[in-house]
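# Reading the structure
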Amino acid sequence: MFTELNSVLGFDHLTHPKGQFVVISDSITDGSFLIHHFLSLYIKGGWRVCFLALSQSFGHYNAVGQKLGVHLTQARDKGQLRFIDGLKLSLQGYTKQGGSVEELGENPFRCLWDKEATLRPLYDLVKTHVCSEEGVLEGPTLLLVDDLSVLVSLGVSVKDVTDFMHYCRVLMCPTIQTQGTIVSLVHKDADVEDEENSTLFRHMAYQSTLHLAVEGLSSGYSRDVHGQVTVTFRNVLDSTQPPTRKRSLQYKVEERNVSFFAPGTSRAVL
């Protein structure tokens, strides 16, 4: 799956990315297909995944995963996939429903009703899922977040969200050689004036080692080309190399796959 994109990124289900902080942004289109891609990539590779799902239910991801040839229910049952139902927990936190006072007090989204609280409980929950009792990662592990913009929409401050992601990065991928990788989605809609989401996007893009910017076509709808992905590699180690390099691909979303190709080389053009 996504063979052309994997070739550009330099990893696949046999070779996992190391120490990467990957940010997916989408503008005037839906970039969530890349979330499903990284999820299936790690599951197929037999690696561990901690999935903080803020946007959709487990059933949704499982249905899409089956189209991509992965069974998330099986992966969850055997412990390979640790699924944090952020959609449910944040709703309970936002409405203060779904449990006793003690249960609500343990909700990692306490900050939604307690303005003195932060996302530290959510970080602690993530840490218990990705680390051993000694507090270290056990082999290649992916922390997947879909999507960060939901937190801002719920009223969490940009500072709290960026602090949360900073500590997750220190935990998962402090260096380019570590076993952990983070992949998160954030919205960057050019047609919507949203200063908080724009600020969040800038913070995440600046911290990223790999940025996948998914954009709709400026020319509008096309049956054969659905959008473009601009891949930005950020050099954080070698000062003798350019700080960034970019590569662009166009794509078409299909029923069970997404095909990628160089701009201007779709079948319709050729």
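Residues numbered from 1 in each chain as written. Predicted model: local features only at pLDDT ≥ 70, side-chain atom pairs only at ≥ 80, totals over all residues. Heavy atoms only, no water.

## So, the pairing of strand 4 (residues 141-146)
What counts, and what does not: Each residue is placed in one exposure class: buried if its accessible area under a 1.4 Å probe, protein chains only, is under 20% of its type's maximum, exposed if it is over 50%, and partly exposed if it falls in between. Helix and strand assignments come from DSSP, with helices taken as H or I runs of at least 4 residues and strands as E runs of at least 2, each series counted from the N terminus. Between any two strands, pairing holds if DSSP finds at least two bridges.
Burial runs high along strand 4: six of the six residues are buried. Along strand 4, one buried face is formed by T141, L143 and V145 and the opposite face, lined by L142, L144 and D146, is buried too. Bridge count between strand 2 (residues 48-53) and strand 4: six bridges; the pairing is parallel. What sits directly across from F51, in strand 4, is L144. Where strand 4 meets strand 5 (residues 180-187), five bridges bridge the pair, whose relative direction is parallel. Counterpart to T141 in the pairing with strand 5 is G180.

## Structural notes on the packing of aromatic side chains
Quick note on the threshold: Two aromatic rings, drawn from Phe, Tyr or Trp (for Trp, its six-membered ring), form a pair once their centres lie within 6.5 Å of each other, and the interplanar angle then sorts them: stacked below 30 degrees, edge-to-face above 60, tilted otherwise. Only lysine NZ and arginine CZ atoms are considered, and such an atom sits over a ring when it is within 6 Å of the ring centre and within 35 degrees of the ring normal.
Applying the stated criterion to the full structure yields 11 aromatic pairs. With a centroid separation of 6.4 Å and an interplanar angle of 45°, the aromatic rings of F33 and F260 are classed as tilted. Note that F33 is positioned in helix 2 (residues 32-45) and F260 in strand 9 (residues 258-261), a separation of 227 residues in sequence. Across this residue pair, the class does not change: F33 and F260 are buried. Between the aromatic rings of Y42 and W47, the centroid separation amounts to 5.3 Å while the plane-to-plane angle is 65°, which identifies the pairing as edge-to-face. One exposure class covers both Y42 and W47, and it is buried. Through a chain of ring-to-ring contacts, the aromatic side chains of F2, F33, Y251 and F260 assemble into a single cluster. A cation sits over an aromatic face here: R245 above F233, 4.1 Å from the ring centre.

Purely geometric numbers; function is a separate question.
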